[in-house]
Amino acid sequence: MARIDSLAELDKLRERLQEEMRLREGGEEVKVVVTMGTCGIAAGAREVITAILEEISKRGLKGVTVGQTGCAGLCHYEPLVEVERPGTEKVTYVHVDEKKAREIVSKHLVNGQVIKEWTIK
């Protein structure tokens, strides 16, 4: 963790962490779930969930909840990201990395476009 040298930096960190907690609390329209079992974490799920949270925060998106779950039993597809929108089928993205995570936010969450080539066939 970076060193904090001023109250302003501490306030900025507090605000960022509070926003991340708000995104994880639930009860919103769109749900994004990252599988965080041992195999998912080993494949980079921590970096994926961090990228998703950063991108949602950067874009100021509202009505999105980000959560995590354990193993989905699909180890060879990890990291997995599920997106659930009311009135649509759940979409499961596979082999997600930080770059893909940011693009999922941009295309799927913002524009409603499923990136079919990254989903389970």
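None of the values given here were measured: they were computed from a predicted structure.

Peer 1: Can you help me understand the pairing of strand β1 (residues 30-35) in this one?
Peer 2: In summary, the side chains of a regular strand alternate between the two faces of the sheet. In terms of residue burial, β1 counts as a mostly covered element, since 5 of its 6 residues are buried. Alignment of β1 against strand β2 (residues 64-69), held across 6 bridges, turns out to be parallel. Within β2, the position partnered with Thr-35 by the bridge is Thr-69. With 4 bridges joining them, β1 and strand β3 (residues 81-84) adopt antiparallel strand pairing. Considered in β3, the bridge of Lys-31 is made with Glu-84.

Peer 1: What am I meant to see in the side chain of His-108 here?
Peer 2: Following the sequence through the fold, His-108 ends up in helix α4 (residues 98-110). If we ignore the near neighbours within four places in the chain, the residues touching His-108 are Val-83, Arg-85, Val-91, Tyr-93, Glu-103, Gln-113 and Val-114.

Peer 1: What is the right way to look at the sheet that holds β3 in this model?
Peer 2: Within a sheet, each strand pairs with its neighbour through backbone hydrogen bonds, oriented either parallel or antiparallel. Pairing within the open sheet is mixed, and its 4 strands lie in the order β2-β1-β3-β4. Looking at strand neighbours, the two that pair on one side only are β2 and β4 (91-93), the edges of this open sheet. The average undirected angle you get between the axes of adjacent strands in this sheet is 20°. As judged from the 3 bridges shared by β3 and β4, these two strands associate in the antiparallel manner. Bridge assignment links Val-83 to a residue of β4, and that residue is Val-91. Across the face of the sheet, helix α3 (residues 45-59) comes into contact with β1, β2 and β3 while running at roughly 170° to β2.

Peer 1: Before we go on, may I ask you to explain the nonpolar core in this structure?
Peer 2: Core analysis: the largest hydrophobic core is formed by 25 residues, its most contacted members being Ile-52, Val-81, Tyr-93 and Leu-109. Mapped onto this core, the elements with two or more residues apiece are β1, α3, β2, β3, β4 and α4. At 7 residues, the largest contribution of residues to this core is made by α3. Residues within four places of Ile-52 in sequence aside, it is in contact with Val-32, Val-34, Val-66, Val-81, Ala-101 and Val-105.

What counts, and at which threshold
Residues numbered from 1 in each chain as written. Predicted model: local features only at pLDDT ≥ 70, side-chain atom pairs only at ≥ 80, totals over all residues. Heavy atoms only, no water. Buried < 20%, exposed > 50% of the residue type's maximum accessible area, 1.4 Å probe, protein only. Helix = DSSP H or I, 4+ residues; strand = E, 2+ residues; numbered from the N terminus. Pairing = 2+ DSSP bridges. Contact = heavy atoms within 4.5 Å. Axes fitted to C-alpha atoms, helices over the stretch in contact; angles between N-to-C directions. Core = buried A, V, L, I, M, F, W, Y, C linked by side-chain atoms within 4.5 Å.

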